[in-house]
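Structural characterization, general
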Amino acid sequence: TSDRFPKYLTFTEKKLKLAGIVEALVGDIDQKEKRYATKIACFEPKIPQVNMVHLYLRPTVDDCNRARNIIEKRRGVCVFHRIRSLDRLDSAYREGYRSMIEITMGQA
């Protein structure tokens, strides 16, 4: 490709890029749950198989939206648009997570 036309990533390249981002953000694997985890968030699946991953967050939707708004005001970047509350019956809720974002990188 020339400099005039951007190189579009293949599906496999998108998947690998997303897997790299997940690993860079959270690092260690929670062996009990077999997914990447930190104190405030975890990704599922632990190694993305497609160009989409779920990000479970411990803060509530309201807290996440407040943090997003601060980041957007200070940095000019909106880090997510849609976030949802977890149902009390969801297994992630029982683990202490309260909200979830679906992260997709490009088209499949």
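Further up the page is the structure itself.
Our subject in this report is the structure included herewith. What you see is a predicted model; the values in this text were computed from it and never measured. (Residues numbered from 1 in each chain as written. Predicted model: local features only at pLDDT ≥ 70, side-chain atom pairs only at ≥ 80, totals over all residues. Heavy atoms only, no water.)

1. Observations concerning the packing of aromatic side chains
In this description, a pair of aromatic rings is defined by centroid distance and the angle of the planes. Overall, the coordinates contain 1 aromatic pair when judged by the stated rule. Ring centres of Y56 and Y97 lie 6.4 Å apart, and the angle between their planes is 55°; this geometry places the pair in the tilted category. With a gap of 41 residues between them, Y56 in strand β4 (residues 52-57) and Y97 in the loop between α3 (91-94) and β6 (99-104) connect regions that are remote in the sequence. Under the relative-accessibility criterion, Y97 is labelled buried at 3%. We note R58 situated over the ring of Y97; from NZ or CZ to the ring centre the distance is 4.1 Å. The lysine or arginine in question, R98, covers the ring of Y93, its NZ or CZ lying 3.7 Å from the ring centre. (Phe/Tyr/Trp six-rings, centres within 6.5 Å; stacked < 30°, edge-to-face > 60°. Helix = DSSP H or I, 4+ residues; strand = E, 2+ residues; numbered from the N terminus. Buried < 20%, exposed > 50% of the residue type's maximum accessible area, 1.4 Å probe, protein only. Lys NZ or Arg CZ within 6 Å of the ring centre and 35° of its normal.)

2. A look at the pairing of β6
The pairing of β4 with β6 spans 6 bridges and is antiparallel. Bridged to L55 within β6 is I101. Of the strand pairs in this sheet, strand β5 (residues 84-85) and β6 are connected by 2 bridges, and their pairing is antiparallel. When the bridges of β6 are listed, R84 appears paired with M100. (Pairing = 2+ DSSP bridges.)

3. Things to note about the nonpolar core
Grouped together as the largest cluster of nonpolar side chains are 10 residues: A41, F43, V53, L55, L57, V61, C64, F80, I83 and I101. For this core, the elements supplying multiple residues, two or more each, are β3 (41-44), β4 and α2 (61-75). Here this core takes 3 residues from β4, the largest share from any one element. Setting aside residues up to four positions removed in sequence, I101 forms contacts with V53, H54, L55, L57, F80, R82 and I83. Counting 7 residues, the second largest nonpolar core, distinct from the first, contains L86, Y93, Y97 and M100. (Core = buried A, V, L, I, M, F, W, Y, C linked by side-chain atoms within 4.5 Å. Contact = heavy atoms within 4.5 Å.)

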